[in-house]
Amino acid sequence: MKYLIRKGRLVDPVSGIGGVMDILLENDKVAVIGSDLSVPDAQVIDASGLVVCAGLVDLHAHLGQPGFEHRETVASGSLAAAAGGYTTVGCLPNTDPPIDVPGGISYLQELSAAVQGARLRPIAALSKGRLGQEVSDFEALKAAGAAALSDAAPLRSANLLRDAMILAHRQGLAVLAFCEDPDLTQGFAINEGQVSRRLRIPGRPAIAEELQVMREAMLAEETGAAVHICRVSTAKSVAILRRYKKKGVRLTCETCPPYFTFTEEEILEQGPSARLEPPLRSPADVEGILEGLKDGTIDVIASDHTPFSEAETSLPLVRSPAGASALETTLAASLTALYHTGLMSLSDVLRKLTIEPARILGLPNAGRLAVGCEADLTILDPNEEWIVEPSAFLSQGRNTPFAGKRLRGRVKYTIVGGRIAYQAT
């Protein structure tokens, strides 16, 4: 199938190419980019007034399968990702059983190949069984197709983490680190601060994150490993990472839209729907996250897609699970908070959603829009306003702090490997 995308506004943060152009997709590749192309046998997609960019890449999603299909399946998660503009999704290994052997990688790849949505890139468990006691076989996991390594949870043992970084460095795989000291957080529901004191419940202190961010940064410096810090939520974490990155340490990091959109006060309005891990923080932390996004300290905007069943999310605040169904809101929430406020350019926002996560996952053909690249594209209206209705999600998860919120920016088409994976109705 040939597709001719006509008169879209091309935004490519890598090459700097911009302006209104036509794009021909042929044989699963971007064949031609130019003006006033004529291809009589191509199916035309009218992109007038729309933005055309490389397909979005998410390096941080929890899809549940195997073991938690009541929350999400590969099929539903892949379709939800396509609806959110994603063409590639890195799925974390906190499944049952964990993805810690080559067979688990193959299983996910087979499921992904059978779905018409975004393609999956499995992220393998750093430790066997995700128990934090013995490192997995990184060489075998890489050969099977693992894109990176993570336990999708904080590691208590600095010794095991150090060994893992050394071995991951040898294999050329990034380590995705989750940073909160479990002894300090103790599973508490919300940030330690004004709201926790008002509700008279114990909170998760910001230093629980900052201590482990510092530990991971120091270990990355010592081992030379590529270390990616997941879901950064505090201003001091940003400051630590900024300092170590300036030293040339191979650190990257991400944040997620709730951390630059909401403060801990949202808990008073939404209760369990605003319970995240790490929790929503103070206004000063939100400002620190925004500054980190602006100055490039924060490389990536990730979804941290963590869907739960209705039975789980209906529990009281202190017992409810932490997380949000986020694949279908991340792009719009990012544009609303960053681009439409004038804080960042459209190109800079898209960079954090495309080429930067692709680089961390070692995917040279993803996150780019150029002749010869895979035909993975997102076509969006950056100005369309819509109200988030979780009941309309393609994801099985309906838990989101953006429910009922007005966002600006809507996906119109998602094209994966030269085929339309999602088309807005």
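Quick note: structure is the one above.
Basis of the calculations
Residues numbered from 1 in each chain as written. Predicted model: local features only at pLDDT ≥ 70, side-chain atom pairs only at ≥ 80, totals over all residues. Heavy atoms only, no water. Helix = DSSP H or I, 4+ residues; strand = E, 2+ residues; numbered from the N terminus. Buried < 20%, exposed > 50% of the residue type's maximum accessible area, 1.4 Å probe, protein only. Contact = heavy atoms within 4.5 Å. Pairing = 2+ DSSP bridges. Axes fitted to C-alpha atoms, helices over the stretch in contact; angles between N-to-C directions. Phe/Tyr/Trp six-rings, centres within 6.5 Å; stacked < 30°, edge-to-face > 60°. Lys NZ or Arg CZ within 6 Å of the ring centre and 35° of its normal. Parallel < 35°, antiparallel > 145°, perpendicular 65-115°, else oblique. Nonpolar A, V, L, I, M, F, W, Y, C, P; charged D, E, K, R; others polar. Polar contact = N/O pair within 3.5 Å; in protein donor to acceptor, adjacent residues only side chain to side chain.

To continue, consider the environment of Cys53. Looking at where Cys53 falls in the secondary structure, it is placed in strand E5 (residues 51-54). In this structure Cys53 comes out as buried when scored by relative accessible area, which is 1%. Between the C-alpha atom of Cys53 and that of Val11, which follows or precedes it by 42 residues, the distance is 5.3 Å. Sequence-distant contacts of Cys53, defined by excluding residues within four places in its chain, comprise Val11, Leu350, Leu369, Asp376, Leu377, Thr378 and Leu380.

Strand order in the open sheet formed by three strands is E6-E7-E8, with parallel pairing between adjacent strands. With partners counted over all chains shown, the strands left at the sheet margins are strand E6 (56-61) and strand E8 (119-122), one partner each. Neighbour to neighbour, the strand axes of the sheet diverge by 25 degrees on average, direction disregarded. When E6 meets strand E7 (residues 86-91), the two strands line up parallel, connected through four bridges. Residue Leu56 lies in a different strand from E7, and its bridge partner there is Tyr86. Across the face of the sheet, helix H2 (residues 102-113) comes into contact with E7 and E8 while running at roughly 175 degrees to E8.

Turning our eyes to something else, we now look at the packing of aromatic side chains. Per the counting criterion, the structure on display carries one aromatic pair. Judged by centre distance (4.9 Å) and plane angle (45 degrees), the ring pair of Phe262 and Phe402 falls under tilted. Of this pair, Phe262 sits in the loop between helix H9 (257-261) and helix H10 (266-270) while Phe402 sits in the loop between strand E15 (377-387) and strand E16 (406-416), placing them 140 residues apart in sequence. In terms of burial, Phe262 and Phe402 fall into one category: buried. The ring centre of Tyr244 lies 4.5 Å from the NZ or CZ of Lys247, which sits over that ring.

It is worth spelling out the packing of helix H8 (residues 235-246) against helix H11 (residues 283-295) at this point. At a minimum axis distance of 7 Å, the contact between H8 and H11 shows a crossing angle of 30 degrees. Overall, the two elements H8 and H11 adopt an arrangement that is roughly parallel. For the pair formed by H8 and H11, the contact residues are Ala235, Val238 and Arg242 on the first element and Ala284, Asp285, Gly288, Ile289, Glu291, Gly292 and Asp295 on the second. Split into classes, the residues belonging to the contact of H8 with H11 amount to four nonpolar, two polar and four charged.

This brings us to the environment of Gly132. Along the chain, the position of Gly132 falls in the loop between E8 and helix H3 (138-144). C-alpha of Gly132 to C-alpha of Pro154: the two residues are 22 residues apart in sequence and 9.0 Å apart in space. The residues touching Gly132, leaving out its near neighbours within four places in the chain, are Ser127, Asp151, Leu155, Ser157 and Leu160.

Now for helix H1 (residues 74-83). Because an α-helix completes one turn every 3.6 residues, residues spaced three or four positions apart along the sequence face the same direction. Taking burial as the measure, the 10 residues of H1 include eight buried ones, the bulk of the element. Among the residues making up H1, those that are buried are Val74, Ser76, Gly77, Ser78, Ala80, Ala81, Ala82 and Ala83. Residues of H1 that are buried sit in contact with E7, H2, E8, E16 and strand E17 (419-423). Immediately beyond the C-terminal end of H1, within one or two residues, lies Gly85, with a positive phi of roughly 95 degrees.

Let us look at unusual backbone geometry. That bond from Gln65 to Pro66 is cis: its omega, 5 degrees, falls within 30 degrees of zero. Here Glu277 and Pro278 are connected by a cis peptide whose omega angle stands at 0 degrees. Inspection of the secondary structure puts Pro278 in the loop between H10 and H11. With a phi close to 55 degrees, Lys7 is a non-glycine residue in the positive phi region.

Two strands pair when backbone bridges link them, and strand E1 (residues 3-11) and E5 are joined in this way by two bridges, in the parallel orientation. Note on E5: the bridge partner recorded for Leu10 is Val52. Bridge count between E5 and E15: four bridges; the pairing is antiparallel. Residue Val52 lies in a different strand from E15, and its bridge partner there is Ile379.

With respect to the secondary-structure elements, Ser136 resides in the loop between E8 and H3. There is a polar contact of 2.9 Å between the side chain of Ser136 and the backbone oxygen of Ala125. A polar atom in the side chain of Ser136 sits 3.4 Å from the backbone oxygen of Ser127. Excluding anything up to four places from it in sequence, Ser136 contacts Asp100, Ala125, Leu126, Ser127, Lys128 and Leu141.

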